[in-house]
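Coordinates in review
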Amino acid sequence: MVEGSEIFTDALPSYTGLEQEYIHNVIDHAECYAKGYVHTNGLENFWSLLKRGIRGTYVSVEPFHLFRYLDKQSFRFTERKDNGAGRFVKVVAGVIGKALRYAKLIGKSGGDGLPQKTIS
């Protein structure tokens, strides 16, 4: 994040000190859930959808792949106002010319990670 960026958080004490580098807007949920444009509803919605996806759709998420699930959910959330065809076009445009080898996907180095064929 760039110094001077505006940050919106709840009143969790862990966020104390952010105001030294950022414009820190705090909403205390013990008092209210929104004050004008200061709220955390969008982020709470994102986390709710992510947790629902992990518990219901994905079921078993390996820690090694967690960033991929987060990327997917982030894309879906960011593009939620587009239709399925629009999201598909953006995905295809984003993967043209890129490759993900199976070995990298499963966290192995060298080769392609596929079982070696034996010649009889």
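Here the structure is shown first, and the text comes after it.
Bear in mind that the values here come from a model prediction, so they are computed numbers and not experimental data. Along each chain, residue indices are assigned from 1 in the same order as the chain's sequence is written. Local features in a predicted model are, by the rule used here, given only for residues with pLDDT of at least 70; side-chain atom pairs are given and counted only at 80 or more, and totals for whole chains, interfaces and linings are based on all residues. Calculation of side-chain values draws on the structure's entire complement of heavy atoms; hydrogens and water are dropped beforehand.

**Brief notes about helix H1 (residues 41-58)**
Under the convention used in this document: By the criteria applied, helices consist of DSSP H or I runs no shorter than four residues and strands consist of E runs no shorter than two, each listed in order from the N terminus. Any helix carries an expected span of 1.5 Å times its number of residues minus one. Remark: exposure states derive from per-residue accessible area (1.4 Å probe, protein chains only) relative to the maximum for the residue type, with buried under 20%, exposed over 50%, and partly exposed in between.
In this model H1 runs 24 Å from its N-terminal to its C-terminal C-alpha over 18 residues, within 8% of the 26 Å that 1.5 Å per residue would give. Buried residues of H1: Phe46, Leu50, Gly53 and Tyr58, and no others. One or two residues past the end of H1 sits valine 59, with phi positive at roughly 60°.

**Quick word on the environment of alanine 103**
Relative to the helices and strands, alanine 103 resides in helix H4 (residues 102-105). For the pair alanine 103 and valine 91, spaced 12 residues apart in the sequence, the C-alpha separation amounts to 22 Å.

**Structural notes on the environment of threonine 40**
Our working rule: Every residue pair with non-hydrogen atoms within 4.5 Å of one another is taken to be in contact. Side-chain atoms alone can form a polar contact between residues adjacent in sequence; in general such a contact is a pair of N or O atoms within 3.5 Å, and within protein one must be able to donate a hydrogen while the other accepts it.
Among the secondary structure elements, threonine 40 is positioned in the loop between strand E4 (38-39) and H1. Note on threonine 40: relative accessible area 9%, which makes it buried. Threonine 40 sits 30 residues away from aspartate 10 along the chain, and the two C-alpha atoms are 7.0 Å apart. Beyond its immediate stretch of four places on either side in the chain, threonine 40 contacts Phe8, Thr9, Asp10, Ile27 and His29. Within polar-contact distance, the side chain of threonine 40 engages the side chain of histidine 29 at 3.3 Å. Within the local environment of threonine 40, its side chain forms a polar contact with the side chain of glutamate 44, the two groups lying 2.8 Å apart.

**Some details on the pattern of salt bridges**
Just so we agree on the cut-off: Salt bridge criterion: a side-chain nitrogen from Lys or Arg within 4 Å of a carboxyl oxygen from Asp or Glu.
Under the definition given, this model contains three salt bridges. With a closest N to O distance of 3.8 Å, lysine 35 and glutamate 31 form a salt bridge. On the basis of relative accessibility, which here comes to 48%, the residue lysine 35 falls in the partly exposed class. Aspartate 82 is the salt-bridge partner of lysine 90, the closest N and O atoms lying 3.2 Å from each other. Given a relative accessible area of 39%, lysine 90 falls into the partly exposed group. With a relative accessible area of 26%, aspartate 82 lands in the partly exposed category. Through salt bridges that share partners, Glu79, Asp82 and Lys90 make up one connected network.

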